[in-house]
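# Structural description and commentary
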Amino acid sequence: MPTPPLWAPWRIDYILGAKPDGCFLCEAAAGPPSEESLVVHRGERASVLLNRYPYAPGHLMVAPHEHVGDLLGLDEPVHLECASLLRRAVGVLSATMNPEGFNAGINLGEAAGAGVPGHLHWHIVPRWRADTNFMPMLADVRVVPEHLRTTWRKLRTGFQEETG
Ligand SMILES: [Zn+2]
């Protein structure tokens, strides 16, 4: 059976809303983990943060602290930390949200759908077979901020309690 399409109507806020002048990934990278920045884990060279306009609950991103959009120009130690954080994010999501699968990857360039083409970021989207059944429950945009805070706490704790 094909994977049901994701439906995330609150993304219209993002599509229609004014984009901040600054780069939100740089802003998030500058500070410690917080509910405001949605950063759940800060590494040495890269951080893990929740997507404010998620395709699914627990939609995480891994971004280097440095504002760089060119994957080939990314220093190897930074790339290795991003790869390591991506794997750890899958581990923490597995432990805290019990997903049945993941979409994980990177959009390179605007033509490929990169929302912030100047700052590399990997997406990790947990998936459940029942995606389309419970998504309408979250469809009301007013529900999303609370959902984000709850998910942030869960994943922040997950990273803090991570073993191995
Ligand atoms: Zn940036």
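In every chain, residue numbers begin from 1 and rise along the written sequence. Where totals are concerned, whole chains, interfaces and linings use all residues; where local detail is concerned, this predicted model gives features only for residues with pLDDT of at least 70, and gives and counts side-chain atom pairs only at 80 or more. Computation of side-chain values: all heavy atoms of the structure, hydrogens and water removed.

### Focus: the coordination of the zinc ion
In an ideal tetrahedron of four donors about a metal, each angle is 109.5 degrees. In an ideal octahedron of six donors, the angles are 90 or 180 degrees. Applicable threshold: Listed donors are limited to N, O and S atoms within 2.8 Å of the metal, widened to 3.2 Å for Na, K and Ca; water is not among them, so incomplete-looking sites are possible. In these descriptions, tetrahedral denotes four donors with every angle between 85 and 135 degrees, square planar four donors and octahedral six donors with opposite donors over 155 degrees apart and the rest between 65 and 115, and irregular any other case. For the purposes of this entry, the term helix denotes a DSSP run of H or I that reaches at least four residues, the term strand denotes a run of E that reaches at least two, and both are numbered from the N terminus. Between buried and exposed lies partly exposed: a residue is buried under 20% and exposed over 50% of the maximum accessible area for its type, with that area taken using a 1.4 Å probe on protein chains only.
For the zinc ion, the protein coordination sphere consists of Cys23 (SG), Cys26 (SG), His67 (ND1) and His119 (ND1), at 2.0 to 2.3 Å. Relative to the metal, the 4 donor atoms surrounding the zinc ion lie at angles of 102 to 119°, and the coordination shape comes out tetrahedral. The sequence pattern describing where the donors of the zinc ion fall on their chain is C-x2-C-x40-H-x51-H. Of the two residues, Cys23 is situated in the loop between helix 1 (11–16) and helix 2 (24–30) and His119 in the loop between strand 4 (101–106) and strand 5 (122–127); the sequence distance between them amounts to 96 residues. Pair check on accessibility: Cys23 and His119 agree, each one buried.

### Here's the deal with the pairing of strand 3 (residues 60–64)
Spelled out, the test is: Here, any two strands with at least 2 DSSP bridges between them count as paired.
Burial runs high along strand 3: 5 of the 5 residues are buried. Burial of the side chains of strand 3 extends over both faces: Leu60, Val62 and Pro64 are buried on one face and Met61 and Ala63 on the other. Of the strand pairs in this sheet, strand 2 (residues 46–50) and strand 3 are connected by 5 bridges, and their pairing is antiparallel. Following the sheet pairing, Ala46 is matched in strand 3 by Pro64. Sheet topology note: the strand 3/strand 5 ladder contains 3 bridges and is antiparallel.

Everything listed here is a matter of geometry and, on its own, says nothing about what the molecule does.
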